[in-house]
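Overview (structure and organization)
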Amino acid sequence: MSWKRPDNVPYPSVWHTFQAKDTESDQLVTYRVQDLPEDRFEEAIAHMMEYFVYDEPTCRAQNIVSEQQSIEEIADLWREFVKFRLVLVCFKEGSDEIAGMNMLYVSQQSDKEEYQCKGKIWRCIYDLVDYTMKRANIYERYGVDKYLGAMGLSVAPNFRGRGIATEILRARIPLCKGVGLPLTSTCFTAIGSQVAAAKAGYEETYVVSYDDMAKVDERFVFPNITTKYVKCMSKRVE
């Protein structure tokens, strides 16, 4: 990943604000979605390790937390993502607690380096995502040579039920405009994130059922998974 954030784009910037219920009452308060500050990088990784790896359906189904190598590799990948200064984080007004976040990166057609990981479970999940995105054929379908991608959307448990995931996904559009990216596209593996993406105006670019994925590769079996489909969903930056 050779992309660099333009020097003329202030960092950290606030990209989106919205109103939603407070955590303590039904009163509406303001939330903001902004760039993850550098001094919160490791805290952000810790948030993902505390919530995402336990909640995301494929990670949970294959019990990724049981394999130390896989856990270390996914954390290392996120550490690479935060260096690009694109990761979005949501805060409630007056609080510095991470309400939610989205691990973002730029996918460029010119990038030839293939990501390698050795953990058996993480390799399986990564390959599932990679297969889906390749079948979606993003570059050709949308006529772009780069886009904003993601690998990890998480909302802290005490902030759930407030539409925060949807608002974080909405915030990707002004972020893309700000840094000069024409499209955002992601492989969504959970029904919750798929619903959030639809509410944020993302279209279904490629959809495949988990049952059919098991026929593609014998590794793509996810016991007791409740989400029916894997969906690549995308939104142009108008």
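Everything in this summary refers to the structure shown in the same document.

What counts, and where the lines are drawn
- Residues numbered from 1 in each chain as written.
- Predicted model: local features only at pLDDT ≥ 70, side-chain atom pairs only at ≥ 80, totals over all residues.
- Heavy atoms only, no water.
- Helix = DSSP H or I, 4+ residues; strand = E, 2+ residues; numbered from the N terminus.
- Rg over C-alpha atoms; globule rule 2.2 N^0.38 Å.
- Buried < 20%, exposed > 50% of the residue type's maximum accessible area, 1.4 Å probe, protein only.
- Contact = heavy atoms within 4.5 Å.
- Areas by Shrake-Rupley, 256 points an atom, 1.4 Å probe, with all protein chains shown as cover.
- Salt bridge = Lys/Arg side-chain N within 4 Å of Asp/Glu carboxyl O.
- Axes fitted to C-alpha atoms, helices over the stretch in contact; angles between N-to-C directions.
- Parallel < 35°, antiparallel > 145°, perpendicular 65-115°, else oblique.
- Left-handed = near helix turned anticlockwise from the far one by under 90°.
- Nonpolar A, V, L, I, M, F, W, Y, C, P; charged D, E, K, R; others polar.
- Core = buried A, V, L, I, M, F, W, Y, C linked by side-chain atoms within 4.5 Å.

Quick notes on the overall build of the chain
Across its full length, the chain carries 8 helices and 8 strands. Over its C-alpha atoms the chain spans a radius of gyration of 17 Å, differing by no more than 12% from the 18 Å that the globule rule assigns to 238 residues. Along the longest, intermediate and shortest principal axes, the C-alpha atoms of the chain span 50 × 40 × 30 Å. Going through the 238 residues of the chain one by one, you find that 55% of them count as buried. If you take every contact in the chain between residues at least 6 apart in sequence, the share linking residues at least 24 apart comes to 74%. Accessible area of the chain: about 11,400 Å², with a carbon and sulfur share of 46%.

Here we look at the pattern of salt bridges
With the rule as written, the count across this model stands at 16 salt bridges. Of the charged contacts, one joins Arg5 and Asp35 as a salt bridge, the two residues approaching to 2.8 Å between their closest N and O atoms. Separated by 30 residues along the polypeptide, Arg5 in the segment before β1 (14-21) and Asp35 in strand β2 (residues 28-35) bring together distant segments of the chain. Put simply, Arg160 and Asp55 hold a salt bridge, and the shortest N to O gap is 2.5 Å. Of this pair, Arg160 sits in the loop between β5 (146-155) and α6 (164-179) while Asp55 sits in helix α1 (residues 41-55); the two residues are 105 residues apart in sequence, bridging distant segments of the chain. What you see here is one network of salt bridges that share partners, running through Arg123, Asp127, Asp217 and Arg219.

Focus on the packing of α6 against helix α7 (residues 191-199)
Contact pair α6 / α7: the axes reach a minimum separation of 8 Å and the direction vectors enclose 55°. When the axis of α6 is compared with that of α7, the two are oblique. Considering only the axes of α6 and α7, their crossing is right-handed. Two secondary-structure elements touch here, α6 through Ala165, Thr166, Leu169 and Arg170 and α7 through Ser193, Ala196, Ala197 and Lys199. For the contact of α6 with α7, the residue count by class is 4 nonpolar, 2 polar and 2 charged.

As for the nonpolar core
Residues Ile64, Trp78, Met101, Met103, Trp122, Ile138 and Phe222 are the most contacted members of the largest nonpolar core, which totals 50 residues. In terms of residues, this core owes the most to one element, helix α4 (residues 120-136), which gives 9 residues. Sequence-distant contacts of Trp78, defined by excluding residues within four places in its chain, comprise Ile45, Met48, Met49, Phe52, Val53, Met103 and Met151. Judged by nonpolar contacts, the second largest core, of 39 residues, contains Phe84, Leu86, Cys90 and Val237.

Observations regarding unusual backbone geometry
Pro12 follows Tyr11 through a cis peptide bond whose omega is -5°. Residue placement: Pro12 occurs in the segment before β1. One non-glycine residue with positive phi stands out, namely Asn137, at about 55°. Tracing the backbone shows Asn137 in the loop between α4 and α5 (138-142).

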